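The chain contents come next:
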Amino acid sequence: MLISKNSEKTPYDIAIVGAGVAGMTAAIYALRAKKSVLIFEETVPGGQIINTSKIENYPGIPEISGSDFAKTLKSQVASFGGKFYFSTVEKIKKIKTPSEFPALFSLKTSEDEEFFAKTIIISSGSRERKLDLPGEDRLSGRGISYCATCDGSFFKNKTVAVYGGGNTALYSALYLSNLAKTVYLIIRRNVFRAEPSLVRRAEEKENIKFIKNRVISALAGEKSLSSVVLSASNGSSAPEETLPLDGLFISIGRIPDNQRFKDFISLDDEGYISSDESCKTSVPGVFCAGDARKKPLHQLVTATSDGATAATAAIDFLNSF
Ligand SMILES: Cc1cc2nc3c(=O)[nH]c(=O)nc-3n(C[C@H](O)[C@H](O)[C@H](O)COP(=O)(O)OP(=O)(O)OC[C@H]3O[C@@H](n4cnc5c(N)ncnc54)[C@H](O)[C@@H]3O)c2cc1C
């Protein structure tokens, strides 16, 4: 169910910031406990998992695509009466503590609309880490991409590169090798962080070419990306070289998407929200879940686990007054 803009001023029991896997799981738990819930989402429900073509490590589901996983979850939320509001939450403020509520928060959206909630679950996840090189934003969508499964089909029979050495980079290279003519896999060290089985699969592909001990130090192209400059790294003394490319897939990790809330809630040095085992944050009445949260493993199972835990903690908080 969608709600019309600016239509509801009465406070929700729980406002959820971000309809990724963590946020939507929290919604299911809260709705089943008969709490009123509003879920804010700045793009589409599902979050980062919609960027993957195959999930094979979610218990009970041997294999599913990321978009099907997200669609099923969204339908499950909707089946319990979940309401989505499509806008970015820009600011959260504690406005007062009236006697009838444990707390009351205001959430301001990018369209300058204001909503109210008695508790908040922040499940804003993470976004791609950028190279921060001149031209990156201008060429993004014009040869530069952060998602092979989303944009790979634009590069059929072309020459592309993947930059990064983790699992996502390896999955991207393998995916692109079925579409592109040549896939360069550029890493700044000479060993991969990715699982050895993925590296082996990439090594077996004839059209994946490894470029080790290099960093991308410049991007070139007018209307679209035309080449990148590779510089030596990791102690190598190789000379700088230009690599002509039609596409570049940047896969150098993700950063938590919490900066908007840094004045409201405690973040650690890396920008993750600090919380305890029950997903309570530094602000009473505010909980967090998923990749936005500091924890050792950022995966679907931990996102769903956090969503359930945060919602249960929010419900307990509401019921304790
Ligand atoms: C390519 C790829 C493949 C992966 N494959 C697997 C896999 O096979 N198995 C596995 O277990 N894990 C996998 N993962 C990791 C997994 O996807 C994440 O750990 C999980 O999806 C995190 O969910 P989340 O809800 O915490 O965050 P996210 O998925 O990041 O969702 C956060 C949501 O919040 C929204 N949002 C952010 N800020 C705001 C705001 N201010 N206002 C409103 N909305 C906001 C975002 O638009 C987003 O929809 C993969 C990740 C990637 C990138």
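These numbers come from a predicted model, not from an experiment.

A. The arrangement of the overall build of the chain in detail. Regarding its fold elements, the chain presents seven helices and 17 strands. Relative to a compact globule of 321 residues, whose C-alpha radius of gyration would be 20 Å, the chain shows 22 Å and is just as compact. Its C-alpha atoms give the chain principal-axis dimensions of roughly 70 × 40 × 35 Å. Taking as baseline every contact in the chain between residues at least 6 positions apart, the subset at least 24 positions apart corresponds to 62%.

B. Broad picture of the site of the ligand. Around the ligand lies a shell of 34 residues, among which G18, G20, G47, G125 and G290 are the nearest. The set of elements that each furnish at least two residues to the shell around the ligand consists of helix 1 (21–32), strand 2 (37–41) and helix 7 (300–319). By residue class, the composition of the shell around the ligand is 11 nonpolar, 18 polar and five charged.

C. Summary view of the sheet that holds strand 15 (residues 247–250). Within the open sheet, the five strands sit side by side as 8-15-9-10-11. Their pairing is parallel. Where the open sheet ends on each side, the last strands, each with one partner, are strand 8 (144–145) and strand 11 (208–211). As paired elements, strand 8 and strand 15 share two bridges and run parallel to each other. Each residue of the ladder has a partner; that of S145, found in strand 15, is F249. This element, helix 5 (residues 167–177), spans strand 9 (159–163), strand 10 (182–186), strand 11 and strand 15 of the sheet and lies at about 165° to strand 9.

D. Representation of the domain arrangement of the chain within the structure. Examined at the domain level, the chain breaks down into domain 1 (12–127 + 255–319) and domain 2 (130–250). Averaged C-alpha coordinates put domain 1 and domain 2 at centres separated by 33 Å.

E. Spatial organisation of the sheet that holds strand 14 (residues 241–244). Spatially, 12-13-14 is the arrangement adopted by the three strands of the open sheet, whose pairing is antiparallel. The outermost strands of the open sheet, each flanked by one partner alone, are strand 12 (214–220) and strand 14. Within this sheet the neighbouring strands show an average axis-to-axis angle of 35°, counted without direction. Where strand 13 (residues 227–232) and strand 14 come together, four bridges link them in antiparallel fashion. Along strand 14, the bridge assignment pairs S227 with P244.

F. Main features of the environment of T182. Examined against the element boundaries, T182 turns out to sit in strand 10. Among the residues examined, T182 registers 17 C-beta atoms within 10 Å and is labelled partly exposed. Along the primary structure T182 and L245 are separated by 63 residues, whereas in three dimensions their C-alpha atoms are 9.7 Å apart. Beyond its immediate stretch of four places on either side in the chain, T182 contacts T159, N207 and K209.

G. Geometry of the environment of I187. Along the chain, I187 turns up in the loop between strand 10 and helix 6 (196–204). A residue is classified by how many C-beta atoms lie within 10 Å of it, and I187, with 25 of them, is buried. In the structure, I187 is positioned 100 residues away from F287 in sequence and 37 Å away in space, judged by C-alpha atoms. Excluding residues within four positions of it along the chain, I187 makes contact with G164, G165, F192 and K212.

H. Focus on the environment of V17. Within the fold, V17 resides in strand 1 (residues 12–17). In contact with V17, other than residues within four places in its own chain, are F40, V89, I120, I122, S123 and S124.

I. The pairing of strand 5 (residues 104–109), seen in detail. Looking at chain direction, strand 4 (residues 89–96) and strand 5 are connected through six bridges and run antiparallel. Counterpart to K91 in the pairing with strand 5 is K108. Bridge count between strand 5 and strand 6 (residues 114–122): four bridges; the pairing is antiparallel. If you follow S106 over to strand 6, its bridge partner there is F116. Connecting strand 5 to the next strand, strand 6, in antiparallel fashion are four residues, including D112 with a positive phi near 65°.

J. Fine view of the pairing of strand 1. Burial analysis of strand 1 places six of its six residues in the buried class, the great majority of the element. Note: strand 1 against strand 6, five bridges, orientation parallel. Counterpart to A15 in the pairing with strand 6 is I120. With four bridges connecting them, strand 1 and strand 2 associate as parallel partners. Directly across from V17, in strand 2, lies its bridge partner F40. In this view, the connection linking strand 1 to its parallel neighbour strand 2 by way of helix 1 has right-handed handedness.

K. Quick look at the packing of helix 1 against helix 7. Between helix 1 and helix 7, the shortest axis-to-axis distance is 7 Å and the interhelical angle comes to 40°. With respect to helix 7, the element helix 1 is oriented oblique. Remark: the crossing between helix 1 and helix 7 carries right-handed chirality. Two secondary-structure elements touch here, helix 1 through V21, A22, G23, T25, A26, Y29 and A30 and helix 7 through L300, A303, T304, D306, G307, A308, A310, A311, T312, A314 and I315. Across the contact of helix 1 with helix 7, the residue classes tally to 12 nonpolar, five polar and one charged.

Definitions and cut-offs
- Residues numbered from 1 in each chain as written.
- Predicted model: local features only at pLDDT ≥ 70, side-chain atom pairs only at ≥ 80, totals over all residues.
- Helix = DSSP H or I, 4+ residues; strand = E, 2+ residues; numbered from the N terminus.
- Rg over C-alpha atoms; globule rule 2.2 N^0.38 Å.
- Contact = placed C-beta atoms within 7 Å.
- Near = placed C-beta within 6 Å.
- Nonpolar A, V, L, I, M, F, W, Y, C, P; charged D, E, K, R; others polar.
- Pairing = 2+ DSSP bridges.
- Axes fitted to C-alpha atoms, helices over the stretch in contact; angles between N-to-C directions.
- Domains from an automatic or database assignment.
- Buried ≥ 20, exposed ≤ 12 C-beta atoms within 10 Å, placed from the backbone.
- Right-handed = clockwise from strand over helix to strand, strands pointing away.
- Parallel < 35°, antiparallel > 145°, perpendicular 65-115°, else oblique.
- Left-handed = near helix turned anticlockwise from the far one by under 90°.

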